[in-house]
Amino acid sequence: MYRKLSTKSSTVQNNQLLYLFQVTITNFNIPHPIYACVTTLRCLYQKKFDPETWKKLIKLESHCEERKKTERYEHERIYVANFIRNFFKLQDEFSEDEILKICGIIMVNGHEIPLTSPHHVAIFHLTSMLEHSCRPNCYKTFSPQGHVMIVAGASIKQGDHLSICYTDPLWTTPNRQKHLLETKFFSCTCKRCQDATEFGTNLSAIRCRKENCEKGILLPNSFLIQNANWICKECKTELTTQSVEKILKRIGEDLQAMKKGNSWACKQFLEYYGKLLTPNHFYLIDVKLALSQIIGQESKDGLQQVTDNDLNLKIKLCREINELVEMLAPAEKRLKGALLFELYLAMTEMNRRTGILADYGDFVSNLM
(Lines give C-alpha, C1' and ligand atoms only; values in the text may rest on other atoms or scores of the structure.)
Protein backbone atom coordinates (compact mmCIF):
# COMPACT_ATOMS: atom_id res chain seq x y z
CA MET A 1 0.00 0.00 0.00
CA TYR A 2 1.19 3.49 -0.80
CA ARG A 3 -0.40 6.46 0.92
CA LYS A 4 0.48 9.86 2.25
CA LEU A 5 3.53 10.08 4.55
CA SER A 6 2.96 6.66 6.01
CA THR A 7 6.66 5.77 6.42
CA LYS A 8 9.60 7.36 8.18
CA SER A 9 11.49 7.69 4.89
CA SER A 10 8.55 9.53 3.34
CA THR A 11 8.50 11.95 6.25
CA VAL A 12 12.24 12.55 5.95
CA GLN A 13 12.12 13.13 2.20
CA ASN A 14 9.20 15.57 2.42
CA ASN A 15 10.80 17.46 5.28
CA GLN A 16 13.93 17.75 3.14
CA LEU A 17 11.87 19.18 0.29
CA LEU A 18 10.14 21.68 2.55
CA TYR A 19 13.50 22.78 3.91
CA LEU A 20 15.07 23.19 0.48
CA PHE A 21 12.15 24.83 -1.30
CA GLN A 22 10.12 27.42 0.55
CA VAL A 23 6.86 28.09 -1.32
CA THR A 24 4.72 31.15 -0.73
CA ILE A 25 1.07 30.79 -1.74
CA THR A 26 -0.92 34.03 -1.88
CA ASN A 27 -3.86 33.14 -4.17
CA PHE A 28 -6.17 30.60 -2.57
CA ASN A 29 -8.86 30.86 -5.26
CA ILE A 30 -7.09 28.42 -7.59
CA PRO A 31 -5.05 25.25 -6.88
CA HIS A 32 -1.32 25.94 -6.70
CA PRO A 33 0.75 23.63 -8.98
CA ILE A 34 2.69 22.34 -5.99
CA TYR A 35 -0.37 20.46 -4.73
CA ALA A 36 -0.55 18.45 -7.95
CA CYS A 37 3.05 17.34 -7.34
CA VAL A 38 2.72 16.00 -3.79
CA THR A 39 1.43 12.47 -4.47
CA THR A 40 3.64 12.13 -7.54
CA LEU A 41 6.74 13.08 -5.55
CA ARG A 42 5.86 10.65 -2.78
CA CYS A 43 5.69 7.87 -5.31
CA LEU A 44 8.85 8.92 -7.15
CA TYR A 45 10.90 8.97 -3.96
CA GLN A 46 10.03 5.35 -3.27
CA LYS A 47 12.70 4.59 -5.89
CA LYS A 48 15.37 5.97 -3.56
CA PHE A 49 13.97 5.28 -0.11
CA ASP A 50 11.94 2.07 -0.57
CA PRO A 51 13.13 0.04 -3.60
CA GLU A 52 10.82 -2.91 -2.90
CA THR A 53 7.76 -0.70 -2.95
CA TRP A 54 9.08 0.99 -6.09
CA LYS A 55 9.35 -2.36 -7.91
CA LYS A 56 5.68 -3.06 -7.23
CA LEU A 57 4.61 0.48 -8.07
CA ILE A 58 6.39 0.78 -11.40
CA LYS A 59 4.88 -2.50 -12.68
CA LEU A 60 1.33 -1.14 -12.44
CA GLU A 61 -0.46 -0.05 -15.60
CA SER A 62 -0.01 3.60 -16.63
CA HIS A 63 -1.57 3.71 -20.14
CA CYS A 64 0.96 6.37 -21.11
CA GLU A 65 0.48 5.97 -24.86
CA GLU A 66 -3.29 6.36 -24.61
CA ARG A 67 -2.91 9.25 -22.17
CA LYS A 68 -0.76 11.22 -24.62
CA LYS A 69 -3.94 11.90 -26.61
CA THR A 70 -5.69 13.55 -23.65
CA GLU A 71 -5.77 17.10 -22.26
CA ARG A 72 -4.93 15.79 -18.81
CA TYR A 73 -1.61 14.38 -20.03
CA GLU A 74 -0.57 17.76 -21.43
CA HIS A 75 -1.70 19.46 -18.21
CA GLU A 76 0.41 17.05 -16.12
CA ARG A 77 3.37 17.52 -18.44
CA ILE A 78 3.29 21.28 -17.82
CA TYR A 79 2.09 21.55 -14.22
CA VAL A 80 3.59 18.39 -12.71
CA ALA A 81 6.57 17.15 -14.72
CA ASN A 82 7.95 20.60 -15.58
CA PHE A 83 7.21 21.93 -12.10
CA ILE A 84 9.02 19.03 -10.40
CA ARG A 85 12.01 19.18 -12.72
CA ASN A 86 12.41 22.96 -12.93
CA PHE A 87 11.01 24.46 -9.73
CA PHE A 88 12.46 21.75 -7.51
CA LYS A 89 15.54 21.47 -9.77
CA LEU A 90 15.25 17.69 -9.95
CA GLN A 91 16.18 17.25 -13.64
CA ASP A 92 19.00 14.89 -12.73
CA GLU A 93 16.80 12.69 -10.52
CA PHE A 94 13.63 12.24 -12.59
CA SER A 95 13.04 12.31 -16.32
CA GLU A 96 9.84 13.76 -17.79
CA ASP A 97 8.77 10.32 -19.03
CA GLU A 98 9.31 8.80 -15.57
CA ILE A 99 7.22 11.50 -13.89
CA LEU A 100 4.40 11.18 -16.42
CA LYS A 101 4.40 7.41 -16.06
CA ILE A 102 3.89 7.81 -12.31
CA CYS A 103 1.08 10.31 -13.00
CA GLY A 104 -0.56 7.64 -15.16
CA ILE A 105 -0.12 4.94 -12.53
CA ILE A 106 -1.76 7.18 -9.92
CA MET A 107 -4.69 8.01 -12.21
CA VAL A 108 -5.34 4.44 -13.36
CA ASN A 109 -4.73 2.68 -10.03
CA GLY A 110 -5.59 5.32 -7.42
CA HIS A 111 -8.42 4.76 -4.95
CA GLU A 112 -10.20 7.67 -3.28
CA ILE A 113 -10.28 7.21 0.49
CA PRO A 114 -13.26 9.00 2.11
CA LEU A 115 -11.70 9.30 5.56
CA THR A 116 -10.51 12.88 5.30
CA SER A 117 -11.89 16.16 4.00
CA PRO A 118 -11.05 16.51 1.21
CA HIS A 119 -10.66 12.86 0.30
CA HIS A 120 -7.18 11.60 -0.50
CA VAL A 121 -5.93 9.08 -3.04
CA ALA A 122 -3.97 5.91 -2.31
CA ILE A 123 -2.57 3.05 -4.39
CA PHE A 124 -2.98 -0.52 -3.18
CA HIS A 125 -0.93 -3.04 -5.10
CA LEU A 126 -3.13 -6.12 -4.71
CA THR A 127 -6.39 -4.19 -4.99
CA SER A 128 -5.22 -2.99 -8.41
CA MET A 129 -5.25 -6.64 -9.54
CA LEU A 130 -9.00 -7.07 -8.97
CA GLU A 131 -11.08 -6.97 -12.14
CA HIS A 132 -13.88 -4.52 -12.82
CA SER A 133 -17.60 -5.17 -13.06
CA CYS A 134 -20.54 -2.72 -13.14
CA ARG A 135 -22.33 -5.25 -10.91
CA PRO A 136 -19.43 -6.35 -8.69
CA ASN A 137 -19.53 -9.07 -6.05
CA CYS A 138 -17.08 -7.27 -3.72
CA TYR A 139 -16.76 -3.78 -2.30
CA LYS A 140 -13.99 -1.67 -0.79
CA THR A 141 -14.01 -0.29 2.71
CA PHE A 142 -11.28 1.39 4.72
CA SER A 143 -10.02 1.17 8.29
CA PRO A 144 -9.52 4.36 10.33
CA GLN A 145 -5.80 4.00 9.55
CA GLY A 146 -6.49 4.05 5.80
CA HIS A 147 -5.98 0.36 5.13
CA VAL A 148 -8.16 -1.10 2.40
CA MET A 149 -10.42 -4.09 3.02
CA ILE A 150 -12.09 -6.05 0.23
CA VAL A 151 -15.36 -7.56 1.45
CA ALA A 152 -17.65 -10.00 -0.31
CA GLY A 153 -20.92 -8.15 -0.86
CA ALA A 154 -22.79 -10.86 -2.73
CA SER A 155 -22.90 -14.63 -2.94
CA ILE A 156 -19.69 -15.90 -4.56
CA LYS A 157 -19.49 -19.43 -5.92
CA GLN A 158 -16.34 -21.45 -6.34
CA GLY A 159 -14.67 -20.42 -9.57
CA ASP A 160 -16.33 -16.98 -9.75
CA HIS A 161 -14.07 -14.02 -10.45
CA LEU A 162 -13.75 -11.45 -7.67
CA SER A 163 -14.66 -7.98 -8.89
CA ILE A 164 -15.02 -4.41 -7.71
CA CYS A 165 -16.46 -1.40 -9.55
CA TYR A 166 -13.92 1.09 -10.89
CA THR A 167 -16.63 3.72 -11.27
CA ASP A 168 -19.93 4.60 -9.57
CA PRO A 169 -22.24 1.58 -9.98
CA LEU A 170 -25.33 3.79 -9.72
CA TRP A 171 -24.35 5.92 -12.70
CA THR A 172 -26.07 5.32 -16.04
CA THR A 173 -24.35 3.09 -18.57
CA PRO A 174 -23.26 6.05 -20.78
CA ASN A 175 -21.76 7.81 -17.75
CA ARG A 176 -19.96 4.68 -16.55
CA GLN A 177 -18.63 3.97 -20.03
CA LYS A 178 -17.38 7.55 -20.44
CA HIS A 179 -15.67 7.55 -17.05
CA LEU A 180 -14.00 4.17 -17.61
CA LEU A 181 -12.79 5.15 -21.06
CA GLU A 182 -11.38 8.49 -19.90
CA THR A 183 -9.71 7.27 -16.68
CA LYS A 184 -9.08 3.54 -17.13
CA PHE A 185 -8.88 3.41 -20.94
CA PHE A 186 -11.22 0.52 -21.61
CA SER A 187 -14.86 -0.01 -22.52
CA CYS A 188 -16.80 -2.32 -20.23
CA THR A 189 -18.76 -5.19 -21.81
CA CYS A 190 -20.12 -6.78 -18.62
CA LYS A 191 -23.66 -8.22 -18.61
CA ARG A 192 -25.10 -5.00 -17.24
CA CYS A 193 -23.47 -2.86 -19.96
CA GLN A 194 -24.73 -5.27 -22.63
CA ASP A 195 -28.30 -4.80 -21.39
CA ALA A 196 -29.63 -1.34 -22.31
CA THR A 197 -32.41 -1.71 -19.70
CA GLU A 198 -29.81 -2.45 -16.97
CA PHE A 199 -31.64 -5.54 -15.70
CA GLY A 200 -35.03 -3.98 -16.29
CA THR A 201 -34.42 -0.94 -14.07
CA ASN A 202 -34.29 1.53 -16.99
CA LEU A 203 -31.78 3.63 -15.09
CA SER A 204 -30.80 5.47 -18.28
CA ALA A 205 -34.20 5.65 -20.01
CA ILE A 206 -36.36 8.68 -20.77
CA ARG A 207 -40.10 8.76 -21.35
CA CYS A 208 -41.56 8.98 -24.84
CA ARG A 209 -43.13 12.41 -25.43
CA LYS A 210 -45.19 11.44 -28.44
CA GLU A 211 -48.89 12.10 -27.98
CA ASN A 212 -50.91 9.06 -26.87
CA CYS A 213 -47.78 7.07 -26.00
CA GLU A 214 -48.12 7.20 -22.23
CA LYS A 215 -46.20 4.01 -21.41
CA GLY A 216 -43.41 4.38 -23.95
CA ILE A 217 -39.78 4.70 -22.93
CA LEU A 218 -36.77 5.39 -25.11
CA LEU A 219 -33.50 3.50 -25.04
CA PRO A 220 -30.97 2.49 -27.69
CA ASN A 221 -30.81 -1.18 -28.59
CA SER A 222 -27.30 -1.15 -27.15
CA PHE A 223 -25.11 1.41 -25.43
CA LEU A 224 -22.09 -0.44 -26.83
CA ILE A 225 -22.94 0.80 -30.34
CA GLN A 226 -21.68 4.36 -30.71
CA ASN A 227 -24.35 6.99 -31.45
CA ALA A 228 -27.15 4.44 -31.78
CA ASN A 229 -30.60 6.04 -32.00
CA TRP A 230 -32.90 5.87 -28.99
CA ILE A 231 -36.11 4.01 -29.85
CA CYS A 232 -39.48 3.96 -28.08
CA LYS A 233 -40.40 0.36 -27.25
CA GLU A 234 -44.10 1.14 -27.79
CA CYS A 235 -44.53 3.49 -30.78
CA LYS A 236 -41.05 3.11 -32.34
CA THR A 237 -40.37 6.86 -32.26
CA GLU A 238 -36.63 7.54 -32.62
CA LEU A 239 -34.34 10.23 -31.22
CA THR A 240 -30.67 10.69 -31.98
CA THR A 241 -28.11 10.27 -29.23
CA GLN A 242 -27.25 13.95 -29.60
CA SER A 243 -30.88 14.97 -29.01
CA VAL A 244 -31.10 12.86 -25.87
CA GLU A 245 -27.79 14.23 -24.60
CA LYS A 246 -29.10 17.80 -24.97
CA ILE A 247 -32.19 16.91 -22.94
CA LEU A 248 -30.17 15.23 -20.21
CA LYS A 249 -27.59 18.04 -20.14
CA ARG A 250 -30.34 20.59 -19.44
CA ILE A 251 -31.81 18.42 -16.68
CA GLY A 252 -28.35 17.90 -15.20
CA GLU A 253 -27.76 21.65 -15.12
CA ASP A 254 -31.07 22.16 -13.33
CA LEU A 255 -30.08 19.49 -10.85
CA GLN A 256 -26.76 21.22 -10.19
CA ALA A 257 -28.53 24.55 -9.68
CA MET A 258 -31.20 23.10 -7.38
CA LYS A 259 -31.15 24.34 -3.78
CA LYS A 260 -29.39 21.71 -1.69
CA GLY A 261 -30.76 20.29 1.55
CA ASN A 262 -34.29 21.50 0.79
CA SER A 263 -37.14 18.97 0.66
CA TRP A 264 -39.46 21.32 -1.24
CA ALA A 265 -36.89 21.77 -4.04
CA CYS A 266 -36.44 18.00 -4.25
CA LYS A 267 -40.19 17.42 -4.52
CA GLN A 268 -40.52 20.07 -7.22
CA PHE A 269 -37.71 18.49 -9.23
CA LEU A 270 -39.25 15.02 -8.93
CA GLU A 271 -42.70 16.27 -9.92
CA TYR A 272 -41.49 18.23 -12.94
CA TYR A 273 -38.90 15.85 -14.36
CA GLY A 274 -40.84 12.73 -13.40
CA LYS A 275 -42.89 13.49 -16.52
CA LEU A 276 -39.79 13.26 -18.71
CA LEU A 277 -37.67 10.62 -17.00
CA THR A 278 -38.46 7.05 -15.99
CA PRO A 279 -39.00 6.49 -12.21
CA ASN A 280 -35.60 4.83 -11.80
CA HIS A 281 -33.63 7.28 -13.92
CA PHE A 282 -30.31 8.17 -12.34
CA TYR A 283 -31.18 11.88 -11.94
CA LEU A 284 -34.43 11.08 -10.14
CA ILE A 285 -32.74 8.45 -7.96
CA ASP A 286 -30.08 11.00 -7.02
CA VAL A 287 -32.78 13.41 -5.82
CA LYS A 288 -34.84 10.66 -4.18
CA LEU A 289 -31.79 9.53 -2.23
CA ALA A 290 -31.16 13.08 -1.03
CA LEU A 291 -34.83 13.55 -0.12
CA SER A 292 -34.93 10.29 1.84
CA GLN A 293 -32.19 11.71 4.08
CA ILE A 294 -33.42 15.32 4.18
CA ILE A 295 -36.87 14.39 5.53
CA GLY A 296 -36.45 14.66 9.28
CA GLN A 297 -33.35 16.87 9.16
CA GLU A 298 -35.00 20.23 8.50
CA SER A 299 -36.32 20.55 12.04
CA LYS A 300 -34.56 20.34 15.39
CA ASP A 301 -37.27 17.88 16.48
CA GLY A 302 -36.34 15.52 13.66
CA LEU A 303 -38.90 13.01 12.40
CA GLN A 304 -41.34 13.84 15.15
CA GLN A 305 -42.01 17.13 13.39
CA VAL A 306 -42.66 15.80 9.85
CA THR A 307 -46.14 15.13 8.51
CA ASP A 308 -47.54 11.64 8.07
CA ASN A 309 -47.34 12.11 4.32
CA ASP A 310 -43.64 12.94 4.47
CA LEU A 311 -42.96 10.07 6.83
CA ASN A 312 -44.67 7.65 4.46
CA LEU A 313 -42.74 9.20 1.57
CA LYS A 314 -39.44 8.64 3.39
CA ILE A 315 -40.32 4.97 3.96
CA LYS A 316 -41.38 4.58 0.32
CA LEU A 317 -38.21 6.17 -1.03
CA CYS A 318 -35.91 4.10 1.18
CA ARG A 319 -37.59 0.87 0.11
CA GLU A 320 -37.58 1.75 -3.59
CA ILE A 321 -33.93 2.81 -3.68
CA ASN A 322 -32.88 -0.19 -1.62
CA GLU A 323 -34.57 -2.52 -4.13
CA LEU A 324 -32.81 -0.73 -6.98
CA VAL A 325 -29.41 -1.02 -5.29
CA GLU A 326 -30.05 -4.70 -4.62
CA MET A 327 -30.69 -5.20 -8.33
CA LEU A 328 -27.82 -3.12 -9.72
CA ALA A 329 -25.12 -3.14 -7.07
CA PRO A 330 -25.83 -5.66 -4.28
CA ALA A 331 -22.27 -5.29 -3.03
CA GLU A 332 -22.75 -1.60 -2.18
CA LYS A 333 -23.22 -2.26 1.52
CA ARG A 334 -22.31 1.27 2.63
CA LEU A 335 -25.18 2.79 0.66
CA LYS A 336 -27.56 0.01 1.66
CA GLY A 337 -26.60 0.53 5.29
CA ALA A 338 -27.39 4.26 5.07
CA LEU A 339 -30.74 3.55 3.41
CA LEU A 340 -31.73 0.90 5.92
CA PHE A 341 -30.74 3.14 8.82
CA GLU A 342 -33.04 5.91 7.49
CA LEU A 343 -35.76 3.31 6.98
CA TYR A 344 -35.34 2.07 10.55
CA LEU A 345 -35.71 5.61 11.92
CA ALA A 346 -38.83 6.25 9.84
CA MET A 347 -40.49 2.95 10.76
CA THR A 348 -39.71 3.49 14.43
CA GLU A 349 -41.39 6.91 14.28
CA MET A 350 -44.36 5.41 12.44
CA ASN A 351 -44.62 2.77 15.16
CA ARG A 352 -44.62 5.54 17.80
CA ARG A 353 -47.51 7.29 16.05
CA THR A 354 -49.65 4.28 15.25
CA GLY A 355 -48.81 1.96 18.10
CA ILE A 356 -48.41 -0.85 15.55
CA LEU A 357 -45.16 -2.75 15.96
CA ALA A 358 -43.11 -2.48 12.77
CA ASP A 359 -41.74 -5.63 11.16
CA TYR A 360 -37.99 -5.06 10.86
CA GLY A 361 -37.18 -8.50 9.53
CA ASP A 362 -37.10 -7.53 5.86
CA PHE A 363 -34.26 -5.09 6.21
CA VAL A 364 -32.44 -6.47 9.25
CA SER A 365 -31.65 -9.52 7.13
CA ASN A 366 -30.27 -7.19 4.44
CA LEU A 367 -27.76 -5.82 6.92
CA MET A 368 -26.17 -9.22 7.32
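Right above here is the structure, for reference.
Our subject in this report is the structure included herewith.

About the cut-offs
- Residues numbered from 1 in each chain as written.
- Predicted model: local features only at pLDDT ≥ 70, side-chain atom pairs only at ≥ 80, totals over all residues.
- Heavy atoms only, no water.
- Helix = DSSP H or I, 4+ residues; strand = E, 2+ residues; numbered from the N terminus.
- Expected span 1.5 Å × (residues − 1).
- Buried < 20%, exposed > 50% of the residue type's maximum accessible area, 1.4 Å probe, protein only.
- Contact = heavy atoms within 4.5 Å.
- Polar contact = N/O pair within 3.5 Å; in protein donor to acceptor, adjacent residues only side chain to side chain.
- Pairing = 2+ DSSP bridges.
- Core = buried A, V, L, I, M, F, W, Y, C linked by side-chain atoms within 4.5 Å.
- 1 Å grid on protein atoms, 1.4 Å probe; cavity = no way out; pocket = protein on both sides within 12 Å on 5 of 7 lines; lining within 4 Å.
- Points joined across faces, edges and corners; volume = space filled by probe spheres on them.
- Nonpolar A, V, L, I, M, F, W, Y, C, P; charged D, E, K, R; others polar.
- Arc of directions from axis to C-beta.
- Axes fitted to C-alpha atoms, helices over the stretch in contact; angles between N-to-C directions.
- Parallel < 35°, antiparallel > 145°, perpendicular 65-115°, else oblique.
- Left-handed = near helix turned anticlockwise from the far one by under 90°.

### Description of helix H13 (residues 308–328)
Part 1 of the argument: For H13, spanning 21 residues, the distance from its first C-alpha to its last is 30 Å, which sits close to the expected 30 Å at 1.5 Å a residue.
Part 2 of the argument: Buried within H13 we find Asp-310, Leu-311, Lys-314, Ile-315, Leu-317, Cys-318, Ile-321, Asn-322, Leu-324, Val-325 and Leu-328.
Part 3 of the argument: Where H13 is buried, its residues touch helix H9 (191–194), helix H11 (263–273), helix H12 (282–294) and helix H14 (333–354).

### Examining the side chain of Ser-128
Part 1 of the argument: Position of Ser-128 among the secondary structure elements: in the loop between strand E2 (120–123) and strand E3 (131–132).
Part 2 of the argument: Among the polar contacts listed, one links the side chain of Ser-128 to the side chain of Asn-109, at a separation of 3.5 Å.
Part 3 of the argument: Residues in contact with Ser-128, not counting those within four places in the same chain, are Leu-60, Asn-109, His-111 and Tyr-166.

### Focus on the pairing of strand E4 (residues 138–142)
Looking along a regular strand, one sees side chains alternate from face to face of the sheet.
Part 1 of the argument: Burial within E4 is extensive, with four of its five residues counted as buried.
Part 2 of the argument: Examined bridge by bridge, E4 and strand E5 (residues 148–152) share five bridges and lie antiparallel to one another. Paired with Cys-138 across the strands is Ala-152, a residue of E5.
Part 3 of the argument: Turn length for the E4-E5 hairpin, with the two strands adjacent in sequence and antiparallel, is five residues, and the turn residue Gly-146 shows positive phi of about 90°.

### Points about the nonpolar core
One recurring pattern in soluble globular proteins is that nonpolar side chains are buried together.
Part 1 of the argument: Counting 51 residues, the largest nonpolar core has Ile-251, Met-258, Phe-269, Tyr-273, Leu-277, Tyr-283 and Val-287 as its most contacted members.
Part 2 of the argument: Looking at this core, the elements that each hand over two or more residues are strand E8 (217–220), strand E9 (230–232), helix H10 (241–257), H11, H12, H13 and H14.
Part 3 of the argument: Setting aside anything within four residues of it in sequence, one finds Val-287 in contact with Leu-255, Met-258, Cys-266, Phe-269 and Leu-270.
Part 4 of the argument: One finds Cys-37, Leu-57, Ile-102 and Cys-103 within the second-largest nonpolar core, a separate group that totals 24 residues.

### Considerations on the layout of surface pockets
Part 1 of the argument: What the second largest pocket holds in volume is close to 910 Å³.
Part 2 of the argument: In this structure, the second largest pocket is lined by 28 residues; those nearest its centre are Pro-174, Asn-175, Gln-177, Lys-178 and Glu-245.
Part 3 of the argument: Elements that contribute at least two residues to the lining of the second largest pocket include exactly helix H8 (173–183), H10 and H12.
Part 4 of the argument: Split by residue class, the lining of the second largest pocket holds 13 nonpolar, eleven polar and four charged.

### What to know about helix H4 (residues 51–58)
Given 3.6 residues to a turn, an α-helix orients residues that are three or four positions apart in the same direction.
Part 1 of the argument: Here H4 has its buried residues at Thr-53, Trp-54 and Leu-57. For H4, the angular spread of the buried residues around the axis is 100°, confining them to a single face.
Part 2 of the argument: Residues of H4 that are buried in the fold lie against helix H2 (33–44), helix H3 (46–49), helix H7 (96–109) and E2.

### Focus: the sheet that holds E8
Part 1 of the argument: Ordered by their spatial adjacency, four strands build an open sheet running E7-E8-E9-E10, and the pairing between neighbours is antiparallel. The sheet terminates laterally at strand E7 (206–207) and strand E10 (238–239), the two strands that pair on one side only.

### Side note on the environment of Arg-85
Part 1 of the argument: In this structure, Arg-85 sits in helix H6 (residues 71–87).
Part 2 of the argument: For the pair Arg-85 and Ser-95, spaced ten residues apart in the sequence, the C-alpha separation amounts to 7.8 Å.

### Structural notes on the environment of Leu-276
Part 1 of the argument: Positionally, Leu-276 belongs in the loop between H11 and H12.
Part 2 of the argument: Note on Leu-276: relative accessible area 14%, which makes it buried.
Part 3 of the argument: Separated by 70 residues in sequence, Leu-276 and Ile-206 have C-alpha atoms that sit 6.1 Å apart.
Part 4 of the argument: Those residues within four positions of Leu-276 in sequence are excluded, and the remaining contacts are Ile-206, Arg-207, Arg-209, Ile-247, Arg-250 and Ile-251.

### As for the pairing of E2
Part 1 of the argument: The pairing of strand E1 (residues 110–113) with E2 spans four bridges and is classified as antiparallel. Pairing of Ile-113 across the sheet is with His-120, part of E2.
Part 2 of the argument: The turn joining E1 and E2, which pair antiparallel and follow one another in sequence, is formed by six residues.

### Focus: the packing of H12 against H14
Part 1 of the argument: Remark: H12 packs on H14, axes separated minimally by 10 Å, with the N-to-C direction vectors making an angle of 45°. On the basis of the axis angle, H12 is oblique to H14. H12 and H14 meet at a crossing whose hand is left-handed. When H12 is examined against H14, the residues Leu-289, Ser-292 and Gln-293 are found in contact with a partner set consisting of Leu-335, Ala-338, Leu-339 and Glu-342.
Part 2 of the argument: Of the residues in the contact of H12 with H14, the class split is four nonpolar, two polar and one charged.

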